[in-house]
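# Coordinate analysis (summary)
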Amino acid sequence: MSTTFTLDTATSRANPTPKPMRRLTVPAIQKRKGGEPIVMLTAYTARMAQLMDAHCDMLLVGDSLGQVIYGLPSTLSVTIDMMIAHGAAVVRGSYHSVVIIDMPFGTYEASPEQAFASAARIMAETGAAGVKLEGGEAMAETVAFLTRRGIPVVGHVGLTPQAVNALGGYGARGRDEAEQAKILADARAIADAGAFSLVVEGVVEPLAIAITQGVGVPVIGIGASAQCDGQVLVAEDMLGMFDRTARFVKRYDDMAGRISAAVERYAGEVRERAFPGAEQLYSI
Ligand code: KIV
């Protein structure tokens, strides 16, 4: 049975305090290469983090919050302030998982120094364990710059949503040999530069397997392969909050249907003056 948590303004922690668990660390995740699969989901709010934390190894505050939370058409207009606000909430709501925060478009590509300033702000203002950034060989120097300065980095190659305009859409990548070679080289470059893990999104399965076998860090797949070292999905997708999702999403629930049914019942009871009932009312 779920517990209702409120945020204690004195401590910024959930009240009652969820049973504290020792938080996993970046080196512990790194050691999972080729071992027990890593479970990762996106989380954007403290409450969702509380609900998912005990079942996950990593929580990703993805810039997909642009579409999922803010109704934006893509991730491109997500700001660093949005990522920090949601990232801090997820850190407050979790005790076990490694929390990683996406660096939004435009906050890291210009130079390693720009990336360091953005990443340092994200880490300092949220308490997250690391950041994720998109891109291959072109971002390797930046990944090396960050990791040498103590910022754990997760890379993201294959289908990189921040590059949607350059890619021409969200279709799967690596359908021809030249593109497969390019994405494999991207993955190797980011891993060699010091990323402690890699997200590989939306690639043909043989390429996902080749990347998993070809780099020394855990590869977390989304639309990739069950042979990867772990899996990530957008939580709202796998919970069935949306009518349309990508082919690679498996729906584990129908939250949209259940929310709609609950709200329909509430609306009916309000209209019939059946809510609030005696149990919800205060007596003198
Ligand atoms: O933004 C996000 O949610 C992501 C995952 C889809 C990997 O990057």
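Residues numbered from 1 in each chain as written. Predicted model: local features only at pLDDT ≥ 70, side-chain atom pairs only at ≥ 80, totals over all residues. Heavy atoms only, no water.

As a further point, take the overall build of the protein. Counting its regular elements, the protein contains 11 helices and 10 strands. Whereas a compact globule of 284 residues would reach a radius of gyration of roughly 19 Å, the protein reaches 20 Å, a difference of no more than 12%. On the principal axes, the C-alpha backbone points of the protein span a range of 70 × 40 × 35 Å. In the protein, which comprises 284 residues, the proportion classed as buried is 48%. Accessible surface for the protein amounts to roughly 14400 Å². Of this, 55% is attributable to carbon and sulfur atoms. (Helix = DSSP H or I, 4+ residues; strand = E, 2+ residues; numbered from the N terminus. Rg over C-alpha atoms; globule rule 2.2 N^0.38 Å. Buried < 20%, exposed > 50% of the residue type's maximum accessible area, 1.4 Å probe, protein only. Areas by Shrake-Rupley, 256 points an atom, 1.4 Å probe, with all protein chains shown as cover.)

The next subject is the site of the ligand. Taken together, the residues surrounding the ligand are Thr42, Leu60, Gly62, Asp63, Ser64, Asp102, Lys132, His156, Val199, Ile222 and Val234. Within the side chain of aspartate 102, an N or O atom sits 3.1 Å from an oxygen atom of the ligand. Lysine 132 is positioned with one of its side-chain polar atoms (N or O) 2.9 Å from an oxygen atom of the ligand. Within the complex, the protein chains bury 95% of what would otherwise be the 250 Å² of accessible surface of the ligand. For the shell around the ligand, the per-class residue count stands at four nonpolar, four polar and three charged. (Near = heavy atom within 4 Å. Polar contact = N/O pair within 3.5 Å; in protein donor to acceptor, adjacent residues only side chain to side chain. Nonpolar A, V, L, I, M, F, W, Y, C, P; charged D, E, K, R; others polar.)

Quick look at the pairing of strand β7 (residues 153-158) now. When you tally the buried positions in β7, you get six out of six residues, the bulk of the element. Note that strand β6 (residues 130-134) and β7 share four bridges and pair parallel. Considered in β7, the bridge of valine 131 is made with valine 153. With five bridges joining them, β7 and strand β8 (residues 197-201) adopt parallel strand pairing. When the bridges of β8 are listed, valine 154 appears paired with serine 197. (Pairing = 2+ DSSP bridges.)

The next subject is the packing of helix α4 (residues 80-92) against helix α5 (residues 112-126). Packing of α4 against α5 leaves a shortest axis separation of 8 Å and a crossing angle of 35°. Between α4 and α5 lies a crossing of right-handed hand. Across the interface between the two elements, Ile80, Asp81, Ile84, Gly87, Ala88 and Val91 from α4 touch Ser118, Arg121, Ile122, Glu125 and Thr126 from α5. Of the residues belonging to the contact of α4 with α5, the class tally is five nonpolar, three polar and three charged. (Axes fitted to C-alpha atoms, helices over the stretch in contact; angles between N-to-C directions. Left-handed = near helix turned anticlockwise from the far one by under 90°. Contact = heavy atoms within 4.5 Å.)

What follows deals with the pattern of salt bridges. Tallied over the entire structure, the rule returns nine salt bridges. Measuring nitrogen to oxygen at the nearest pair gives 2.7 Å for the salt bridge that ties arginine 121 to aspartate 81. With arginine 121 in helix α5 and aspartate 81 in helix α4, this residue pair connects regions lying 40 residues apart in the sequence. Using a relative accessible area of 46% as the deciding quantity, one classes aspartate 81 as partly exposed. (Salt bridge = Lys/Arg side-chain N within 4 Å of Asp/Glu carboxyl O.)

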